[in-house]
Amino acid sequence: MRPTPVRHPVHQTGLQRVNDFFATSNWKPFAFQRECWRAYAVGSSGLVHSATGTGKTLAVWLGPLMSWINANRDAALWNPRQPPPAKVIWLTPLRALANDTENALRAAIGGLGIPWRLESRTGDSKQSLKTRQLRSLPTALVTTPESMSLMLTHESLLESFRGLEAVIVDEWHELLGTKRGVQTELVLARLRRLNPAIRIWGLSATLGNLDDALVSLVGANDSKSAIIVRGAKKKRMKITSILPPVIERFPWSGHIGTLMVPHVASELDHVRSSLIFANTRSQTEIWYQQLLQHRKDWAGQIALHHGSLDNRVRSWVEQGLRDGKLRAVVCTSSLDLGVDFTTVDLVVQIGSPKGAARLLQRAGRSGHQPDAESRLAFVPTHALELVELAAARDAIADGDLESRPLLSKPLDVLTQHAVTIAIGGGFDSQELLDEVRSARAYENLSNNEWQWVLDFIVRGGSSLTAYPEFHRVEIATDGRYVVSNKRTIRQHRMNIGTIVSDAAIQVRYLKGGALGTVEESFIARLNPGERFLFGGRIVELVFVRDNVAYVRRSKGNPDAVPRWLGGRMPLSSELSAALRLRLEEASQGVFRGPEMTALRPLLELQNRWSVLPKHDELLIERIKTREGHQIFVYPFAGRLAHEGLAALLAMRMARVQPITFAMACNDYGIVMQSHEEAPLEAAIDAGLFDSETVVGDILASLNATEMSKRQFRQIARIAGLIHQGMPGDRKPSKHLQASSNLFFDVFREYDPDNLLLAQSHREVLEQQLETSRLEQTLRRIERHLIVTTFPPKITPLGFPLWVDKLRERVSSETLADRIRKLQAELERYDALEIKKSMPGSSK
C-alpha cells in the first residue's frame with residue numbers, strides 16, 4: 001500500500017510532518033523507530049536489529065529527512081527544481097534490490113513533501129545517468145558497495161562526499177563476514193576520513209553477533225559511542241511442515257523431493273501469492289517444471305527467479321509479485337532480502353535451510369507488514385530433514401541465531417582499495433594506513449603488511465618488478481601515491497569489485513534476447529543438439545561463440561540441468577547443537593511436535609539396530625557388507641567440516657596400519673569403506689580425534705596445493721593481477737585460469753613469502769575446509785563419550801551416506817532403482833527380525 005500524499009502546513013518540525021505522514025497512512029510509529037530518530041538527531045551512529053517486515057527502513061530513513069526539515073523549516077522556500085546537494089548514501093547488498101529500495105524511500109519523500117532528488121546507481125543503470133551523477137550527485141543515492149567503491153576513483157566527487165550527512169547500509173548481516181562486507185568497511189572508513197561527523201547506520205535481521213556487527217559497521221574507533229537499537233525481535237510467525245504421506249525409514253537425498261509437488265500445489269490453491277524457496281538454482285529449475293507439469297493451467301501464473309537469469313526476466317517477475325499477478329515464484333536466495341512483496345502470504349521452503357537464521361529470514365518474506373503473520377510451510381526432501389526443522393524451531397524460540405564469522409585482513413581487497421584511492425586523488429601512506437586501521441577488518445594490520453601492499457601496487461612486489469604493467473601506482477614528488485596511466489585507470493575501473501562470479505558464459509537465443517548465464521564448465525560438457533533446462537524452458541544448444549552459448553527452443557525431456565556452484569550450505573553450528581538435543585530426546589522416547597512424531601518409526605528403528613546418540617556422545621557404527629568394512633561416524637558438524645575430518649581420520653588410521661578408504665560425507669556424518677578391517681580402536685588410542693595437530697595433518701592429508709591454486713584465482717582477480725578484459729572483449733575463463741595458475745607457480749618458486757599466496761592457503765583452510773569448526777568439533781569429541789555399535793545392517797542414519805557413496809559406482813541399474821531394492825531388502829530384514837522376536841516364534 002502506497003502512503004497517501006499529505007498536505008502539510010508551511011511551518012512544521014520534522015517530527016510533526018512525520019506524525020502527519022503516519023496518521024494519514026493509518027500507521028503508528030514503533031518505539032524503536034522513535035528511538036532511532038532521537039539518536040540520529042543528536043548525531044549518533046548505530047545498528048537497527050529487528051525482525052523482517054517490522055519497519056526498519058523507516059526507522060533509519062526518516063532521521064535524515066527530519067533533520068533536513070528541521071534545518072529548513074520554511075517550506076515556502078523549498079524549490080523542487082533546486083534539490084539539496086548530496087546528503088545520504090544508501091548501500092544495498094544486491095543491485096536487484098536497488099529499484100525496490102528506491103521506490104520505498106521515494107514514498108517517504110513524497111509523503112513528507114520535501115524536494116529531495118533520489119536516484120540509484122548500480123551496474124544496471126544507464127551510462128547517461130552515471131555520467132550526470134559524476135557532475136552532480138543527487139540528494140540521496142541508492143547504490144551497491146561495488147558502485148560506491150568505483151565512485152571513489154573519481155576525484156571530482158570527493159567534495160560531495162565531504163558534505164554527506166549519513167550512510168545507511170541495508171541488510172548488513174548479509175554483507176558481514178564476506179569480502180564485499182570488508183570492501184564496505186573500507187568505503188565507510190574513507191567516508192569517515194572525508195567527514196568525521198558523518199553518521200553511519202545499518203539495518204540487520206537474523207543475526208547472532210550484534211556487537212561484532214556494530215564494530216564492523218561504524219569502525220573500531222567510533223563503536224563506543226554508537227548504539228544498537230533492538231526493534232521487534234519476533235513477529236507473529238507460523239512454521240508448519242507438509243509431511244509426506246509415507247515416511248521412508250531409510251531416507252536419502254538427491255531426489256529433490258518432487259514427490260511432494262502435488263501436496264505443495266494443494267497448499268498454493270489456498271493462498272494469493274507465495275514464494276517457493278529452494279537451496280540451489282538447479283532445484284528451482286526442476287521444481288518450476290514439475291509444478292507446471294502438475295498444473296498446466298498455472299502457465300503464466302507461476303514464474304522462476306534466480307541470480308543467473310537475465311535482469312529483465314528477474315525484473316518482470318518482481319513486478320508481477322508486486323502487482324499480485326503471480327500465484328507463486330520458485331526462487332533461490334535471490335529473493336531472500338529486502339524486496340517488499342506485500343501480496344505474498346506464504347513461503348514454502350524446499351529442503352532444510354541449514355540454519356535457523358535463514359529459515360527466519362525466509363519466513364519473514366511473507367506477511368511483510370508489521371502487523372501481519374508470517375507463514376512458512378516446510379517441505380522435506382528426505383525424512384531426516386524433519387529433525388532439522390524441529391531443531392530450527394527450538395533455536396528460533398531460544399533466540400539462538402547464527403553468528404557471522406568475520407574476516408581478518410584480506411590483502412587482496414586492501415590492494416584493490418589502495419589502487420582505488422590512488423586513482424581518486426592519491427593518498428599519503430601514513431594517512432591511509434590510519435584510515436584503513438579504523439576498519440575492524442584491518443585494525444591489526446601490521447606495518448610490514450602495509451609496506452608489502454604498497455610495494456606490490458608500486459612495483460609488483462619482489463617477483464614482478466620487471467613487468468611495467470604491474471607498476472600500477474606511482475610515488476609523486478610530494479610523496480603521495482597516485483595513478484596517472486590512463487590504461488591502468490580504465491582497466492581498474494572496469495574490473496573493480498570483489499564479487500567474483502563462477503566462470504560463466506551468457507545464454508542467448510539464436511534469434512532473440514538473452515536468457516542469463518551458466519557456468520562454462522557445464523556448457524563445455526554439452527554437444528550441439530543436446531537439450532537442457534534453463535529459465536524454466538527446454539532449450540537446445542546450437543553453438544558457442546565468443547563466450548556466448550546460442551540456443552533455440554526445444555521440446556521433450558532435457559538431457560541435462562545446469563548445476564551452478566554456490567549451493568553447498570553446511571549445517572550451522574547452532575542448528576547442529578539443537579539437532580543433537582532433539583535426537584537425545586528421541587533416544588529417551590520423547591517425540592515433541594508433528595515432525596518428530598512422524599519420524600518416530602525411523603528413529604525407533606535406529607535405536608533398535610544401533611543407538612540414537614545423546615548430545616554429549618559420538619556414535620560410530622561398524623558394519624560388514626558385501627562391498628567391505630564400513631565405518632560410519634556421526635559428529636553432526638556440517639558437510640565442509642566433515643570433508644576435512646574424513647581426510648584427517650583416513651590419514652591418521654593409515655599411520656597405525658597402511659589402509660585405503662573410499663569415503664562420502666553429508667551434514668550428519670562420514671562413511672569410510674575399506675577392503676580390510678580398519679584399526680579403529682588402535683587409532684582412537686593413538687589420538688584419532690586429537691585436536692592439537694589438525695591444521696598440519698589436514699595439509700598433509702589433502703592436495704592442499706591444488707586447492708590453494710583454485711582459491712588463488714579469485715584472489716588474483718581482486719588484487720588486480722588478472723583482468724576479465726573490456727566489455728565486448730571478455731577473456732575466456734580458461735585464459736584467466738591459466739594466468740592465475742602461472743602467477744601462483746611463479747610466486748611459489750620465486751616469492752614464497754608472497755602474502756597473497758599465504759592468504760590463499762588460509763582461505764582454503766577456513767572457507768573450504770572450515771578448520772576452525774573442525775577443531776571445535778574435535779575438542780567437543782575429546783570431552784564426549786565415544787559409543788561404538790555393530791548394527792546388523794545399514795541404519796537409517798547411515799543410509800543417506802551409503803547412497804552418496806553408491807553414486808560413485810558404475811551400475812547398469814539406475815540409482816533410484818538400486819536404492820529401492822536396498823530399502824526393500826532392509827525392510828524385509830527388519831520385519832523378519834521382529835517376527836523372530838515375538839513370543840512363540842521359532843528361532
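Procedures and definitions
Residues numbered from 1 in each chain as written. Predicted model: local features only at pLDDT ≥ 70, side-chain atom pairs only at ≥ 80, totals over all residues. Heavy atoms only, no water. Axes fitted to C-alpha atoms, helices over the stretch in contact; angles between N-to-C directions. Helix = DSSP H or I, 4+ residues; strand = E, 2+ residues; numbered from the N terminus. Parallel < 35°, antiparallel > 145°, perpendicular 65-115°, else oblique. Left-handed = near helix turned anticlockwise from the far one by under 90°. Contact = heavy atoms within 4.5 Å. Buried < 20%, exposed > 50% of the residue type's maximum accessible area, 1.4 Å probe, protein only. Lys, Arg positive; Asp, Glu negative; His and termini not counted. Salt bridge = Lys/Arg side-chain N within 4 Å of Asp/Glu carboxyl O. Polar contact = N/O pair within 3.5 Å; in protein donor to acceptor, adjacent residues only side chain to side chain. Expected span 1.5 Å × (residues − 1). Pairing = 2+ DSSP bridges. Core = buried A, V, L, I, M, F, W, Y, C linked by side-chain atoms within 4.5 Å. Phe/Tyr/Trp six-rings, centres within 6.5 Å; stacked < 30°, edge-to-face > 60°.

Draft legend 1. Inspection of the packing of helix H16 (residues 411–423) against helix H19 (residues 486–494) at higher detail. Interhelical geometry of H16 versus H19 gives an angle of 130° and a closest axis separation of 11 Å. In terms of axis orientation, H16 runs oblique to H19. In this structure, the crossing between H16 and H19 has a hand that is left-handed. Contact with H16, carried on its side by Gln416, Val419, Thr420 and Ile423, involves Ile489, His492 and Arg493 of H19 and no other residues of that element.

Draft legend 2. Representation of the side chain of glutamate 402. Note that glutamate 402 resides in the loop between helix H15 (385–397) and H16. Buried charge without a salt bridge: glutamate 402, with arginine 358 as the nearest opposite-charge side chain at an N-O distance of 7.2 Å. A polar contact is formed between the side chain of glutamate 402 and the backbone nitrogen of alanine 356, at a distance of 2.9 Å. When residues no more than four places from it in sequence are discounted, the contact partners of glutamate 402 are Leu207, Gly208, Gly355, Ala356, Ala357, Ser572, Glu574 and Leu575.

Draft legend 3. How the structure looks around helix H24 (residues 639–656). Helix length check: H24 (18 residues) gives 26 Å between terminal C-alpha atoms against 26 Å at 1.5 Å per residue, within 8%. By the criterion of burial, H24 is predominantly enclosed, with 13 of the 18 residues buried.

Draft legend 4. Representation of the sheet that holds strand E7 (residues 227–230) in the model. Spatially, seven strands are ordered E3-E4-E2-E5-E6-E1-E7 in an open sheet, and the strand pairing comes out parallel. Two strands in the sheet have a free side with no partner beyond their single neighbour: strand E3 (118–121) and E7. Taking each pair of neighbouring strands and ignoring which way they run, the sheet shows an average axis angle of 20°. Pairing of strand E2 (residues 88–91) with strand E4 (residues 140–143), which is carried by four bridges, proceeds in the parallel orientation. Bridge assignment links leucine 91 to a residue of E4, and that residue is threonine 143. On top of the sheet, helix H4 (residues 98–112) reaches E2, E3 and E4; it is set at about 170° to E3, its chief contact.

Draft legend 5. Broad picture of the environment of valine 746. Position of valine 746 among the secondary structure elements: in helix H28 (residues 733–750). Classification of valine 746 as partly exposed rests on a relative accessible area of 23%. In sequence terms valine 746 and serine 463 are 283 residues apart; their C-alpha atoms lie 7.7 Å from each other. Once residues within four sequence positions are removed from consideration, valine 746 is found in contact with Ser463 and Asp751.

Draft legend 6. A look at the sheet that holds strand E21 (residues 617–625). Strand order in the open sheet formed by five strands is E23-E24-E22-E21-E25, and the pairing between neighbours is mixed. The sheet is open, and its two borders are formed by strand E23 (662–665) and strand E25 (785–789), each paired with just one other strand. Here the average twist between neighbouring strands, direction ignored, is 15°. In this sheet, strand E22 (residues 628–634) lies alongside E21 in antiparallel orientation, the contact comprising seven bridges. Within E22, the residue paired with lysine 624 across the bridge is histidine 629. Against the sheet, helix H31 (residues 799–806) touches E21, E22, E23 and strand E24 (670–674), its axis set at about 125° to E23.

Draft legend 7. Seen up close, the pattern of salt bridges. Across all of its chains, the model carries 36 salt bridges by this definition. With a closest N to O distance of 2.6 Å, arginine 180 and glutamate 146 form a salt bridge. Of the two residues, arginine 180 sits in helix H9 (residues 179–194) while glutamate 146 sits in helix H6 (residues 145–151), which places them 34 residues apart along the sequence. Just as arginine 180 is buried, glutamate 146 falls in that class too. Arginine 622 is the salt-bridge partner of glutamate 677, the closest N and O atoms lying 3.6 Å from each other. Taken together, the residues span a long stretch of sequence, with glutamate 677 in the loop between E24 and helix H25 (680–685) and arginine 622 in strand E21 at a distance of 55 residues. Glutamate 677 gets classed as partly exposed once you look at its relative accessible area, which sits at 48%. Its relative accessible area of 8% is what places arginine 622 among the buried residues. Residues participating in the shared-partner salt-bridge network are Arg249, Arg608, Glu827 and Asp830.

Draft legend 8. View of the nonpolar core. Phe161, Tyr442 and Leu721 are the most contacted members of the largest nonpolar core, which totals 76 residues. With eight residues, H16 is the largest single contributor of residues to this core. When neighbours within four sequence positions are excluded, leucine 721 is seen to be in contact with Phe456, Leu464, Phe470, Phe712, Ala716, Phe743, Phe747 and Leu756. Core analysis: the second largest hydrophobic core is formed by 65 residues, Ala357, Leu571, Val671 and Leu801 among them.

Draft legend 9. Up close: the packing of helix H23 (residues 600–609) against helix H32 (residues 815–837). Two numbers describe how H23 lies on H32: the axes approach to 13 Å, and their chain directions differ by 70°. Considering the angle they form, H23 stands roughly perpendicular to H32. When the axes of H23 and H32 are compared, the crossing they make is left-handed. On H32, the residues touching Leu605, Arg608 and Trp609 of H23 are Leu826, Tyr829, Asp830 and Ile834.

Draft legend 10. Examining unusual backbone geometry more closely. The backbone of glutamate 171 sits at a positive phi, close to 50°, despite the residue not being glycine. Along the polypeptide, glutamate 171 turns up in the loop between strand E5 (166–169) and helix H8 (172–175). Accessibility expressed as a relative area gives 9% for glutamate 171, which makes it buried. A positive phi angle, close to 55°, is found at lysine 409, a residue other than glycine. Position of lysine 409 among the secondary structure elements: in the loop between H15 and H16. Judged by its relative accessible area of 19%, lysine 409 is buried.

Draft legend 11. Structural context of the packing of aromatic side chains. Taken as a whole and assessed by the stated rule, the structure comprises 23 aromatic pairs. Ring plane angle 0° and centroid distance 5.1 Å describe the contact between phenylalanine 427 and tyrosine 481, whose orientation is recorded as stacked. Of this pair, phenylalanine 427 sits in the loop between H16 and helix H17 (429–437) while tyrosine 481 sits in strand E15 (residues 481–482), and the two are 54 residues apart along the sequence. For the residue pair phenylalanine 427 and tyrosine 481, the accessibility class agrees, reading buried in each case. With 6.2 Å between their ring centres and 35° between their planes, phenylalanine 743 and phenylalanine 747 make a pair best called tilted. Of this pair, phenylalanine 743 and phenylalanine 747 both sit in helix H28, four residues apart, which is roughly one turn of that helix. Looking at phenylalanine 743, the relative accessible area reads 12%, which means it is buried.

By themselves, these are just geometric observations and shouldn't be taken as functional.
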